[in-house]
Amino acid sequence: MLEGIILGILVGRFRGGKFKRLGTSLFKFSWIIFLSFALQLGISIMISLGHPFVIQYRMILYVLSYVLLFLALFLNMQFKCMWFIMIGAITNFAAIMLNGGSMPVDMGILERNGFQNMLNSIRMEALPQYIPLEEAGLYTSYLGKRLSMPAMYPLKQIFSVGDLLMVIGIFFLIQNMMTPSIYNRTSKIIRFDHKSRVFK
């Protein structure tokens, strides 16, 4: 997500966008999205700490966080790039729900990228929010975390198709918010007719 935000800002600036427009854009209920992501982060942290209540009821908590996210996305569908984020969130939600509250993850990619601690924790079922890719139900293995950055990339990451779609959506969303394309610029244009009368 961080790469999508940074690249979106850089490209937005290159296209003549202004950073201050991020705070005055037409984006509605942004606080709901932050609340959703904060809830998901909190769930992951509490599960990692072994909190029994969160582990037992993580399905309900995940549903709550995604309902908040879908609500905020639905209220902002005037941004066409929001469809990338929406589809990405739906695929991640489906992968988690169809696997009992656990996201499938490719153990081989974890090993190749040096995530040994995470690998061992999943094998010992100390991280119940993840399951090995081969244990995924139905066709959800294709929706799991099975992609990674190239070897030359300095930050090792593993992500799902849904994550990728969401990052693409965020990349374009930030540019749309920074550039004046979402504003009604036609009202600022002065035109002249054949009789030299000024009209908008």
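Residues numbered from 1 in each chain as written. Predicted model: local features only at pLDDT ≥ 70, side-chain atom pairs only at ≥ 80, totals over all residues. Heavy atoms only, no water.

Let us look at the nonpolar core. In terms of nonpolar packing, the biggest core is built from 28 residues, with Phe-27, Leu-69, Leu-73, Phe-79, Met-82, Ile-85 and Leu-173 touching the most fellow members. Counting residues per element, the ones that place at least two in this core are helix H2 (30-48), helix H4 (58-74), helix H5 (82-97) and helix H8 (161-178). Top contributing element to this core by residue count: H5, with seven residues. Leu-173 has contacts with Phe-27, Phe-79, Cys-81, Met-82 and Ile-85, leaving out every residue within four places of it along the chain. (Core = buried A, V, L, I, M, F, W, Y, C linked by side-chain atoms within 4.5 Å. Buried < 20%, exposed > 50% of the residue type's maximum accessible area, 1.4 Å probe, protein only. Helix = DSSP H or I, 4+ residues; strand = E, 2+ residues; numbered from the N terminus. Contact = heavy atoms within 4.5 Å.)

On to the layout of surface pockets, then. Of the voids in this model, the largest pocket is the one considered here, and its volume is about 1600 Å³. Around the largest pocket sit 48 residues that line it, and Met-1, Phe-37, Met-166, Val-167 and Ile-170 are the ones nearest its centre. Secondary structure elements with two or more residues in the lining of the largest pocket: helix H1 (2-14), H2, H4, H5, strand S4 (158-160) and H8. No other element matches the nine residues that H8 contributes to the lining of the largest pocket. Residues of the lining of the largest pocket, tallied by class, amount to 35 nonpolar, nine polar and four charged. (1 Å grid on protein atoms, 1.4 Å probe; cavity = no way out; pocket = protein on both sides within 12 Å on 5 of 7 lines; lining within 4 Å. Points joined across faces, edges and corners; volume = space filled by probe spheres on them. Nonpolar A, V, L, I, M, F, W, Y, C, P; charged D, E, K, R; others polar.)

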